[in-house]
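One-letter residues, chain by chain:
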Amino acid sequence: KIRDTNSKAYNVREEIYDSNDYVALNGNYFFEAIEKTDGYSIKLNSVEIEDYDAFYNSYNREAPSYNGVSPKHIVMINVTVKNDSNTDGCLPFKGFGIYNGALYIPIDFEALNMIDPKINGSSVLQLKENSEVTLSFPFSAMPLDEAVNSNKLNDVLENEDLYLCVCEFPVRKLILIRK
């Protein structure tokens with residue numbers, strides 16, 4: 001039964017792109033095909049790893065902690081999103097994530113709302129056709145990742161390849177953000 005089940009498993013194809021190139025989404029999506037991402041493309045402009053506490057302090061806010069544990073780093077990613085001729089699609093950026101193997105680092109929505117109060121909790125980007133926008137997204141590790149092995153996590157962030165996921169299905173598209 002196990003072999004039969006595994007033989008029927010859905011395998012997602014991965015494509016890896018270099019930074020500074022526009023990655024066309026071509027109808028690929030995060031959650032549902034109704035996102036209609038044809039015409040949307042994303043370019044990675046820059047990546048900065050900042051001190052988590054200092055980042056929050058720069059906004060006159062105390063850095064949040066979970067059970068006394070807070071991340072060491074916050075990863076700031078700046079992207080340009082273009083929409084060429086799409087009138088009814090959207091990009092749910094809540095699906096964006098940084099990967100390194102099984103390690104997943106999500107957007108820090110508390111920090112995102114602090115950076116840009118106009119976001120106001122929204123997690124979907126819908127651009128007018130034939131337009132573009134440049135945005136910065138903060139990513140920070142999940143509390144469990146920090147609590148289990150923060151030294152390994154910080155070593156990965158500081159020294160290993162990371163990938164920005166810009167869509168999941170049917171093709172997972174990843175942008176190499178640093179070597």
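Residues numbered from 1 in each chain as written. Predicted model: local features only at pLDDT ≥ 70, side-chain atom pairs only at ≥ 80, totals over all residues. Heavy atoms only, no water.

Engineer: I'd like to hear about the pattern of salt bridges, residue by residue, with values.
Structural biologist: Two side chains that carry opposite charge are able to pair once their charged atoms sit near each other. Going through the model one piece at a time under the given rule, you end up with eight salt bridges. Notably, a salt bridge pairs Arg 13 with Glu 15, separated by 2.6 Å at the nearest N-O pair. On the basis of relative accessible area, Glu 15 is assigned to the partly exposed category, the value being 21%. Shared partners join several salt bridges into a network, and the residues in it are Glu 14, Glu 168 and Arg 172. (Salt bridge = Lys/Arg side-chain N within 4 Å of Asp/Glu carboxyl O. Buried < 20%, exposed > 50% of the residue type's maximum accessible area, 1.4 Å probe, protein only.)

Engineer: Can you tell me about the nonpolar core, naming the residues and giving the values?
Structural biologist: Core analysis: the largest hydrophobic core is formed by 39 residues, its most contacted members being Ile 77, Leu 91, Phe 96, Phe 137, Phe 139 and Leu 164. If you tally residues by element for this core, the top one is strand E8 (residues 162–167), at six residues. Judged by nonpolar contacts, the second largest core, of eight residues, contains Tyr 52, Tyr 56, Ala 111 and Met 114. (Core = buried A, V, L, I, M, F, W, Y, C linked by side-chain atoms within 4.5 Å. Helix = DSSP H or I, 4+ residues; strand = E, 2+ residues; numbered from the N terminus.)

Engineer: A description of the side chain of Glu 35 should follow, citing residues and the corresponding values.
Structural biologist: You can see Glu 35 is positioned in the loop between strand E2 (23–24) and strand E3 (40–51). Despite being buried, Glu 35 has no salt bridge partner; Lys 94 is the closest side chain of opposite charge, sitting 8.0 Å away. Within the structure, Glu 35 has its side chain in polar contact with the backbone nitrogen of Phe 31 (distance 2.7 Å). Beyond its immediate chain neighbours, meaning those up to four positions away, Glu 35 contacts Tyr 29, Phe 30, Gly 89, Cys 90 and Pro 92. (Lys, Arg positive; Asp, Glu negative; His and termini not counted. Polar contact = N/O pair within 3.5 Å; in protein donor to acceptor, adjacent residues only side chain to side chain. Contact = heavy atoms within 4.5 Å.)

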